[in-house]
Amino acid sequence: MSYFLFKRLLTLLATLAATSVIVFAVLEVLPGNAAQVLMGPDADPAAVAAKAAELGLDRPAPARYADWMRGLLRGDMGNSYSYGSPVSELIAERLTLTVPLAVLAMLLTTVLALLVGVIAAARHNSAADVGLMSLAQAGMAIPNFWFAILLILLFSVKLQWLSAGGFDGWYWDDGVWAGLWEGLKALILPAVALAVVQAAILARFTRSAVLEVLREDFVRTARAKGLSRRAVLWGHVLRNAMIPVITVMGLQFAELLAGTIVVENVFYLPGLGRLIFQSIANRDVIVVRNCVMLLAGMVVVVNFVVDVLYAVIDPRVKAHEL
């Protein structure tokens, strides 16, 4: 297991290094620059050049990449061109919204998908199976932003149960986390908008995995020992079916993080996705590349955790096989 962890750690570092090169190169070829945006379209070219020199944009690309890497190793992400404040502070502030939103969406995705997938598999070829899979197929075809708009029209405009957007933040009041409920209410609709498509995909994978395990000999043995169908289904079948399901869940967490860019803009949430969107518009590449590297790091770590969970969930899977 130690060798497995060491090997996976090397893979993690190599992936992040390759990602940093790709992200830096892609942002370098984008048209426009932060100096021109800050000075305005009608600014004097000399003033724009002076601003670019002040921001360090006139230096060769390899030198700027090396400075960026050295800063990351020291925990210094630099200062934003447009905001003028440290990038680390901007990201930390926005993560207090994006991380809870992604976690809440992932929880909704997991609960909905496992319930629908297991129930559909347990009632294979029945009306319930056909109906649930039809709903899942429809859910896979729904764009996140379109479903988010429908949720706003129904629950905010028509029923007026929840806010159509905005986020007041988490705050304390006399030692009590008074903003917890209000914050969660602001994240319910965005989380549902993110979770529906992912839950539909995961439900179909869960159904297929459970159906495959239901045909195994140990299931018949467990039933012959007197265990109820529900106990066998949830206690034995689901655990053995979780290997492919966890793989998809790891990939879906990455999709949820990427999906926040669109959903946060629909609901006007000041999260990491909106920060990336605004920074791209301002050509604030130092913010964009640090945010993208953070998202890439999250994805790589999640995949690492998924690999470790393989051996934990299924004893038949050995670390040297991963």
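Residues numbered from 1 in each chain as written. Predicted model: local features only at pLDDT ≥ 70, side-chain atom pairs only at ≥ 80, totals over all residues. Heavy atoms only, no water.

Novice: What's the story with the environment of Ala 92 in this structure? I'm lost.
Specialist: Inspection of the secondary structure puts Ala 92 in helix α5 (residues 87–122). In this structure Ala 92 comes out as partly exposed when scored by relative accessible area, which is 44%. Taking the C-alpha atoms as reference, Ala 92 lies 15 Å from Ala 102; in sequence the two are 10 residues apart. (Helix = DSSP H or I, 4+ residues; strand = E, 2+ residues; numbered from the N terminus. Buried < 20%, exposed > 50% of the residue type's maximum accessible area, 1.4 Å probe, protein only.)

Novice: Just to check I follow, could you spell out the packing of aromatic side chains for this structure?
Specialist: Here a ring pair, both rings aromatic, is described through the centre-centre distance and the interplanar angle of the planes. In the structure shown here, the tally under the stated rule is four aromatic pairs. When the ring of Phe 24 is compared with that of Tyr 65, the centres are 5.4 Å apart and the planes differ by 70 degrees; the resulting orientation is edge-to-face. Of this pair, Phe 24 sits in helix α1 (residues 2–29) while Tyr 65 sits in helix α4 (residues 61–74), and the two are 41 residues apart along the sequence. On the basis of an interplanar angle of 75 degrees and a centroid distance of 6.1 Å, the ring pair of Tyr 65 and Trp 68 is categorised as edge-to-face. Of this pair, Tyr 65 and Trp 68 both sit in helix α4, three residues apart, which is roughly one turn of the helix. (Phe/Tyr/Trp six-rings, centres within 6.5 Å; stacked < 30°, edge-to-face > 60°.)

Novice: Help me out: how do you make sense of the packing of helix α6 (residues 127–140) against helix α8 (residues 180–214) in this one?
Specialist: Two quantities define a packed helix pair, namely the angle between the helix axes and the distance between the axes. Axis separation between α6 and α8 bottoms out at 8 Å; the angle between their running directions is 135 degrees. With respect to α8, the axis of α6 lies oblique. Here the hand of the crossing between α6 and α8 comes out left-handed. Taking contact as the criterion, the partners of Asp 129, Met 133, Ala 136, Gln 137, Gly 139 and Met 140 in α6 are, on α8, Val 196, Val 197, Ala 200, Ile 201, Ala 203, Arg 204 and Arg 207. Looking at side-chain class alone, the contact of α6 with α8 contains eight nonpolar, two polar and three charged residues. (Axes fitted to C-alpha atoms, helices over the stretch in contact; angles between N-to-C directions. Parallel < 35°, antiparallel > 145°, perpendicular 65-115°, else oblique. Left-handed = near helix turned anticlockwise from the far one by under 90°. Contact = heavy atoms within 4.5 Å. Nonpolar A, V, L, I, M, F, W, Y, C, P; charged D, E, K, R; others polar.)

Novice: How do you make sense of unusual backbone geometry when you look at a structure like this?
Specialist: Where the residue is not glycine, phi is negative for most of them; where a peptide bond is considered, it is trans in most cases. If you check the backbone angles, Tyr 268 has positive phi at about 55 degrees while not being a glycine. With respect to the helices, strands and loops of the structure, Tyr 268 is situated in the loop between α10 (229–266) and α11 (272–281). Even without being glycine, Arg 283 reaches a positive phi, approximately 55 degrees. For Arg 283, the position within the fold is in the loop between α11 and α12 (285–313).

Novice: What am I meant to see in a nonpolar patch on the surface here?
Specialist: A grouping of Phe 145, Trp 146, Ile 149, Leu 150, Leu 153, Val 157 and Val 262 is seen on the molecular surface, where their side chains present a nonpolar patch of about 630 Å² in accessible area. Here the nonpolar patch gets six residues from one element, more than from any other, and that element is helix α7 (residues 144–158). Mapping Trp 146 onto the fold places it in helix α7. Among the residues examined, Trp 146 registers a relative accessible area of 43% and is labelled partly exposed. (Patch = residues over 30% accessible without salt bridge, like charges linked within 9 Å, V, L, I, M, F, W, Y side chains within 5 Å. Areas by Shrake-Rupley, 256 points an atom, 1.4 Å probe, with all protein chains shown as cover. Salt bridge = Lys/Arg side-chain N within 4 Å of Asp/Glu carboxyl O.)

Novice: Would you mind showing me how to read the side chain of Gln 198 here?
Specialist: Its place among the elements puts Gln 198 in helix α8. Contacts of Gln 198, omitting those with residues within four sequence positions, involve Thr 109, Gln 252, Glu 255 and Leu 256.

Novice: Whenever I open this one, the pattern of salt bridges confuses me. Can you help?
Specialist: Note that side chains of opposite charge can pair when their charged atoms are close. Tallied over the full model, the rule gives four salt bridges. In this structure, the salt-bridge partner of Asp 67 is Arg 70, at a minimum N-O distance of 2.3 Å. With Asp 67 and Arg 70 both in helix α4 and three residues apart, this pair spans about one turn of that helix. By relative accessible area, which is 45% here, Arg 70 ends up partly exposed. Of the charged contacts, one joins Asp 129 and Arg 207 as a salt bridge, the two residues approaching to 2.8 Å between their closest N and O atoms. Taken as a pair, Asp 129 in helix α6 and Arg 207 in helix α8 lie far apart in primary sequence, 78 residues in all.

Novice: What is the right way to read the nonpolar core from this model?
Specialist: Within soluble globular proteins, side chains that are nonpolar generally end up buried alongside one another. In this structure, Val 210, Phe 267 and Leu 272 are the most contacted members of the largest nonpolar core, which totals 65 residues. When contributions to this core are tallied by element, the ones reaching two or more residues are α1, α5, α7, α8, α9 (217–224), α10, α11 and α12. Not counting residues up to four positions away in its chain, the partners in contact with Val 210 are Val 118, Ala 121, Leu 233, Val 237, Leu 238 and Ala 241. (Core = buried A, V, L, I, M, F, W, Y, C linked by side-chain atoms within 4.5 Å.)

Novice: For this particular structure, what's the right way to read the layout of surface pockets?
Specialist: The method is simple in principle: a probe with the dimensions of a water molecule rolls over the atoms, and the space it marks as empty is what remains. Counted as a void, the largest pocket has a volume near 380 Å³. Lining the largest pocket we find 20 residues, and of these Leu 55, Gly 78, Tyr 81, Ile 286 and Arg 289 sit closest to its centre. Elements that contribute at least two residues to the lining of the largest pocket include exactly α3 (45–55), α4 and α12. The greatest single-element share of the lining of the largest pocket, amounting to five residues, is contributed by α4. Residue classes in the lining of the largest pocket are distributed as eight nonpolar, five polar and seven charged. (1 Å grid on protein atoms, 1.4 Å probe; cavity = no way out; pocket = protein on both sides within 12 Å on 5 of 7 lines; lining within 4 Å. Points joined across faces, edges and corners; volume = space filled by probe spheres on them.)

Novice: Explanation requested: the packing of α8 against α10 in the structure shown.
Specialist: Orientation of α8 relative to α10, taken along the N-to-C sense of each, is 155 degrees, at an axis distance of 8 Å. Compared by their axis directions, α8 and α10 come out roughly antiparallel. Relative to α10, α8 is oriented so that their crossing is right-handed. Within the contact of α8 with α10, the residues separate by chemical class into 19 nonpolar, six polar and one charged.

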